[in-house]
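Inside the fold
What follows is each chain in one-letter form.
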Amino acid sequence: MHNQNNNCVFCKIIAGEIPSKKIYEDEDILIFYDINPVAPVHVLAIPKIHIESLNSINIDNIEYIPKIFEKIPEIAKNLGIFEDGYRVITNIGENGQQSVGHLHFHIIGGRKLKWEF
Ligand code: 5GP
Ligand code: ZN
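Read on for an overview of the structure. (Residues numbered from 1 in each chain as written. Chains lettered and ligands numbered in written order. Predicted model: local features only at pLDDT ≥ 70, side-chain atom pairs only at ≥ 80, totals over all residues. Heavy atoms only, no water.)

Side note on the coordination of the zinc ion (ligand 2)
Tetrahedral coordination by four donors places them ideally at 109.5 degrees to one another around the metal; octahedral coordination by six donors ideally gives 90 or 180 degrees. Keep this limit in mind: Coordination partners: N, O, S within 2.8 Å of the metal, 3.2 Å for Na, K and Ca; water not considered, so apparent gaps in a site are possible. Each label reflects the angles at the metal, where four donors whose angles all fall between 85 and 135 degrees are tetrahedral, four or six donors whose opposite pairs open beyond 155 degrees and whose other angles stay between 65 and 115 are square planar or octahedral respectively, and the rest are irregular. The buried label goes to any residue with under 20% of its type's maximum accessible area, the exposed label to any with over 50%, and the partly exposed label to all in between, with areas taken from a 1.4 Å probe on protein chains only.
Distances from the zinc ion (ligand 2) to its protein donors, namely Cys 8 (SG), Cys 11 (SG), His 50 (ND1) and His 102 (ND1), fall within the range 2.0 to 2.3 Å. For the zinc ion (ligand 2), the four donor atoms in the first shell make angles of 106 to 116 degrees at the metal, a pattern classed as tetrahedral. In primary sequence terms, the donor set of the zinc ion (ligand 2) follows C-x2-C-x38-H-x51-H. Across this residue pair, the class does not change: Cys 8 and Cys 11 are buried.

Brief notes about unusual backbone geometry
A negative phi angle characterises most non-glycine residues, just as the trans form characterises most peptide bonds. To be explicit about the condition: For helices the rule is a DSSP run of H or I covering at least 4 residues; for strands it is a run of E covering at least 2, with both sets numbered from the N terminus onward.
Look at Gln 97: it is not a glycine, yet its phi comes out positive at around 60 degrees. Here Gln 97 is to be found in the loop between strand 4 (86–89) and strand 5 (105–109).

Some words on the site of ligand 1
What counts, and what does not: Residues are classed as near a molecule or strand on a simple rule: at least one heavy atom within 4 Å of it. Each polar contact in these results corresponds to two N or O atoms within 3.5 Å; when the atoms are within protein, one needs to be able to donate a hydrogen and the other to accept it, and residues that are neighboring in sequence are counted only if both atoms are side-chain atoms. In this description, accessible areas are obtained by the Shrake-Rupley approach with a 1.4 Å probe, and a residue is regarded as covered only by the protein chains that are shown. Think of a 1 Å grid over just the protein atoms. A cavity is a set of points where a 1.4 Å probe fits yet cannot get out, a pocket is an open set with protein on both sides within 12 Å along at least five of seven lines, and lining residues have an atom within 4 Å of a point. Criterion for pocket placement: a molecule counts as inside a cavity or pocket if more than half of its atoms are within 2 Å of its grid points.
Every one of the 16 residues lining ligand 1 counts as a neighbour, but Tyr 33, Asp 34, Asn 91, Ser 99 and His 106 are closest to it. A distance of 2.6 Å separates an oxygen atom of ligand 1 from a polar backbone atom of Ser 99. Out of a free accessible area of 520 Å², ligand 1 has 82% covered by protein chains. The cavity that encloses ligand 1 is the second largest pocket. Elements represented by at least two residues in the shell around ligand 1 include exactly helix 1 (9–15) and strand 2 (29–33).

Digging into the sheet that holds strand 3 (residues 41–47)
This is how the line gets drawn: The pairing criterion for strands is at least two bridges between them, as found by DSSP. Axis definition: a line fitted to C-alpha atoms, over the contacting stretch in the case of helices. Angles run 0 to 180 degrees between N-to-C directions.
Here we have five strands laid out as an open sheet, ordered 1-2-3-5-4, and antiparallel in their pairing. On the outer flanks of this sheet lie strand 1 (22–25) and strand 4, each paired with one strand and no other. Ignoring which end each strand starts from, the neighbouring axes of this sheet average 15 degrees apart. The pairing of strand 4 with strand 5 spans four bridges and is classified as antiparallel. The residue bridging Tyr 86 from the neighbouring strand is Gly 109, located in strand 5.

Examining the side chain of Lys 71
Applicable threshold: Between two residues, a contact is recorded if the distance between any of their heavy atoms is within 4.5 Å.
Turning to its location among the elements, Lys 71 is positioned in helix 2 (residues 64–79). Residue class for Lys 71 comes out buried when judged on its relative accessible area of 12%. A distance of 2.9 Å separates a polar atom in the side chain of Lys 71 from a polar atom in the side chain of Glu 74. Apart from residues no more than four positions distant in its own chain, Lys 71 is found in contact with Tyr 24, Ile 29 and Ile 31.

Description of the layout of surface pockets
Threshold: Grid points are joined across faces, edges and corners, and a volume is the space filled by probe spheres set on the points. We call Asp, Glu, Lys and Arg charged. Ala, Val, Leu, Ile, Met, Phe, Trp, Tyr, Cys and Pro are nonpolar, and the rest, Gly among them, are polar.
Taken as a whole, the largest pocket spans an internal volume of roughly 550 Å³. Around the largest pocket sit 16 residues that line it, and Arg 87, Ile 89, Ile 108, Lys 114 and Glu 116 are the ones nearest its centre. Elements supplying a minimum of two residues to the lining of the largest pocket: strand 4 and strand 5. Counted by class, the lining of the largest pocket contains six nonpolar, six polar and four charged residues.

Below, the structure written as structure tokens:
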């Protein structure tokens, strides 16, 4: 079984303890709708092991990154945002305004996105 963090909301989603609207799932990754979308399309892609953020990527867990990225264009096609374009974001730590401490990639689209900080 994958390693989990008992206090982590995304680990609870992976375990099915918190419901989510899933789009794609396999043994290593999960893609589901963000509960508070900032655009017409807003989904999250996560590894099924508890990695705190991109800062915690190392040689032993980096295999999850290509697994996630390989699926993103396919998911974008299914969600109808592939042609017009979209944005993939991962927030890291306090200044990155990361609010959930389990590595996740936001996939956001469906309208022209602003670039502002
Ligand atoms: P962060 O701010 O850490 O980059 O992004 C965390 C994201 O997780 C936010 O966009 C937030 O709306 C989403 N989120 C937080 N809790 C839940 C939840 O219980 N279910 C779902 N589907 N999304 C969540
Ligand atoms: Zn977690």
